[in-house]
Amino acid sequence: NNNFTQDVTMRFPLYLTLILRILAFITTLQLEYPNESPGTEAEKTPVKEAFGLTLKAGLWILKTKFALSVILFGMMFDGIIRMVITLSSQYYRMVELPESTFGLIGSLVAMLGFIIPKIANTLAEKKKPAHAIAITAGLSLTGLSTMSLFWPYTGLIPALITFSAMYFTGFFVSFYINKVTPSDQRATVLSFKGLAYNISYGILGVL
C-alpha cells in the first residue's frame, strides 16, 4: 500500500510511545495521590485533583531554574541519542557488521547499564553538575561525529560511546532531580521528565 511507506510506518511507534507515556503519567498521578476514602466527593473528581497537583508540580519546575535546566539537558541529549539507537540496525549494516551479531551488540549495550551508573554516581557525588554536562556532551559529540565516518567493523566503537552517553544522561538527570525535588512531588516531577523526553523523541522522529 503506497499510503504506508517506511517514513510513515516508522512514526507509528513514536506516536504509540507518546500516548502510552501520557497514560502512564496519569496512572502515576492517581497512584501517588489516591482518594482518601471511597464514596466521597473526592472519589468523583480524582482526575481534577490529579491535574491540579500536576499543575502545581509543573509550576514548581518552571520556577526552579535548576530543575528546569536539568530536564532540558535531558531532553536534548536523550532525544538525539535515542533516535540514533532507533536506527542502530541500519547503522550496523552500513558499517558492515553481520546481522547475526546484532543481538550480541544489544546485550553488550545492555551491560553498559550495569557499569555506567556506578561511574556516574561517583562523579555526581564528587563533582559539580557542570562536570556532568561536560562528560555527556563530550561523549555525545565524540560518538556521533565518529559514527558519521562509518568505519567498517570498528564503527561499533563510536556507537558504544554514543550509547554510553545516554546512560550517563539518564543517571545524571534522575540524580539531580531527586536531589532538588521535594519528596511529595518527586514522582510527579520525574513523570514530567519522562513525558518531556518522549515529546522530544517524537518531534525528532517526525522531523
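All of these numbers come straight from a predicted model, not from anything done at the bench.

Peer 1: Would you explain helix H8 (residues 129–147) in this entry?
Peer 2: Because each turn of an α-helix spans 3.6 residues, side chains separated by three or four positions end up pointing in the same direction. Taking 1.5 Å of rise per residue, the 19 residues of H8 would be expected to cover 27 Å, and the 27 Å separating its terminal C-alpha atoms lies within 8% of that figure. Considered for burial, the residues of H8 that qualify are Ala132, Thr136, Ser140, Gly143, Thr146 and Met147. One side of H8 carries all its buried residues, which in axial view fall inside an arc of 160°. Exposed and facing more than 90 degrees away from the buried side of H8 are Ala130 and Leu141. Turning to H8, the residues buried within the fold contact helix H5 (65–86), helix H6 (88–94) and helix H9 (156–180).

Peer 1: Sorry, what's going on with the environment of Lys56 here?
Peer 2: Take Lys56: it is sitting in helix H4 (residues 46–63). Look at Lys56 and you get partly exposed, because its relative accessible area is 49%. Between the C-alpha atoms of Lys56 and Thr188, which are 132 residues apart in sequence, the distance is 9.7 Å.

Peer 1: Is there a simple way to explain a nonpolar patch on the surface in this structure?
Peer 2: A surface patch of nonpolar side chains, about 570 Å² in accessible area, is lined by Met76, Ile80, Ile199, Ile203, Leu204 and Leu207. Looking at the nonpolar patch, the elements with two or more residues in it are H5 and helix H10 (186–206). For the nonpolar patch, the element with the most residues is H10, which contributes three residues. Note on placement: Leu207 falls in the segment after H10.

Peer 1: What am I meant to see in unusual backbone geometry here?
Peer 2: Note: most peptide bonds trans; most residues except glycine with negative phi. Phi is positive for Phe150, which is not a glycine, with a value near 50°. Mapping Phe150 onto the fold places it in the loop between H8 and H9. Overall, Phe150 belongs to the partly exposed group, its relative accessible area being 35%.

Procedures and definitions
- Residues numbered from 1 in each chain as written.
- Predicted model: local features only at pLDDT ≥ 70, side-chain atom pairs only at ≥ 80, totals over all residues.
- Heavy atoms only, no water.
- Helix = DSSP H or I, 4+ residues; strand = E, 2+ residues; numbered from the N terminus.
- Expected span 1.5 Å × (residues − 1).
- Buried < 20%, exposed > 50% of the residue type's maximum accessible area, 1.4 Å probe, protein only.
- Arc of directions from axis to C-beta.
- Contact = heavy atoms within 4.5 Å.
- Patch = residues over 30% accessible without salt bridge, like charges linked within 9 Å, V, L, I, M, F, W, Y side chains within 5 Å.
- Areas by Shrake-Rupley, 256 points an atom, 1.4 Å probe, with all protein chains shown as cover.
- Salt bridge = Lys/Arg side-chain N within 4 Å of Asp/Glu carboxyl O.

By themselves, these are just geometric observations and shouldn't be taken as functional.
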